[in-house]
Amino acid sequence: MKTLFTLFSLFLILSITSCSKEKKTERVLHRTGSWEVAELDWTMTSQSITDSSLWQGTITGSETNAGTFFFDKDGSGNYYIMYNQIPKNGSFRWSVNSNGLVTIVETTSFFNSIINTTLSWINEDASIYQEAYGFNLDQTGDNIFTGDGGGALQVVNSSSTMLGQYGIFFDHIKLVEK
């Protein structure tokens, strides 16, 4: 009986501890609110280019002070990053699993596509950018999160003909309290 009580107590402690990491990470993110993208390493690879004036191949780069993430308590947020002189902002949903891993999924790509397409028609511009990104982060220190991510960037003209598509890999991203 004493062994059964000890095993049950150990199981209860482990259950509470695993939940607390998730909740602790959530609290750190939304209470701090604003996070600086202190480091961003990226790789950009062309995947399908139909317009020879567009860049082709693979390039890599690193940025410091590359933007901001803002986490709301309700699991939503927004961000701004810049890589290879390409500015990107958007809204996202975020969640934390029981291991404390933060998953961020962008929610603005379709809306941005409509806006960019409309502006392109008005301005008769031949470059509409459609983008979507996602990130995974882990708390690696006091008010420091690191991880990676990726997404896609498409360039289309005003008649919706795709000119080029690029895979974007964020090999390393580091968020620090702002």
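No experiment lies behind these values; they were computed from the predicted model shown.

Focus on the overall build of the protein chain
Now for step 1: Within the protein chain, the secondary structure is distributed over 2 helices and 9 strands.
Now for step 2: Secondary structure elements in the protein chain, listed N-terminal to C-terminal, are α-β-β-β-β-β-β-α-β-β-β.
Now for step 3: Evaluated residue by residue, the protein chain yields a buried proportion of 34% over its 178 residues.
Now for step 4: Carbon and sulfur atoms provide 56% of the accessible area of the protein chain, an area that totals close to 10200 Å².

Overview of the packing of aromatic side chains
Now for step 1: A complete count under the given rule lists 14 aromatic pairs for this structure.
Now for step 2: Relative to Phe 170, the ring of Tyr 83 has its centre 5.4 Å away and its plane inclined at 85°; by these criteria the two rings are edge-to-face. Here Tyr 83 is found in strand S4 (residues 76-83), whereas its partner Phe 170 is found in strand S9 (residues 162-177), with 87 residues between them in sequence. We note that Tyr 83, like Phe 170, is buried.
Now for step 3: Among the aromatic side chains, those forming a connected cluster through ring pairs are Trp 42, Phe 69, Phe 71, Tyr 79, Tyr 83, Phe 92, Trp 94, Tyr 133, Phe 135 and Phe 170.

Here we look at the pattern of salt bridges
Now for step 1: Within this structure, the stated rule accounts for 3 salt bridges.
Now for step 2: Ionic pairing is found between Lys 23 and Glu 26, a salt bridge with its closest N-O pair at 3.7 Å. You can see Lys 23 and its partner Glu 26 sitting in helix H1 (residues 2-32), 3 residues apart, about one turn around the helix.
Now for step 3: A salt bridge links Lys 174 to Glu 39; its shortest N-O distance comes to 3.9 Å. You can see Lys 174 sitting in strand S9 and its partner Glu 39 sitting in strand S1 (residues 34-49), a full 135 residues away along the chain.
Now for step 4: Relative accessible area serves as the criterion here: at 22%, Lys 174 is assigned to the partly exposed category.
Now for step 5: The class of Glu 39 is partly exposed, set by a relative accessible area of 31%.

Quick notes on the rules
Throughout, a residue's number is its position along its own chain's written sequence, starting from 1. Two thresholds apply to this predicted model, a pLDDT of at least 70 for residue-level local features and 80 or more for giving and counting side-chain atom pairs, whereas whole-chain, interface and lining totals are computed over all residues. Heavy atoms throughout the structure, all of them, feed into the side-chain values; hydrogens and water do not. A run of H or I in DSSP counts as a helix once it spans at least four residues, and a run of E counts as a strand once it spans at least two, with each numbered from the N terminus. We call a residue buried when its accessible area falls under 20% of the maximum for its residue type, exposed when it is over 50%, and partly exposed in between, using a 1.4 Å probe and counting protein chains only. The Shrake-Rupley method, run with a 1.4 Å probe sphere, supplies the accessible areas, and residue values consider only the shown protein chains as cover. Ring pairs shown here join Phe, Tyr and Trp side chains whose ring centres sit within 6.5 Å, with only the six-membered ring taken for Trp; geometry is labelled stacked below 30 degrees between planes, edge-to-face above 60, and tilted in between. Salt bridges are defined as contacts in which a side-chain nitrogen from Lys or Arg sits within 4 Å of a carboxyl oxygen from Asp or Glu.

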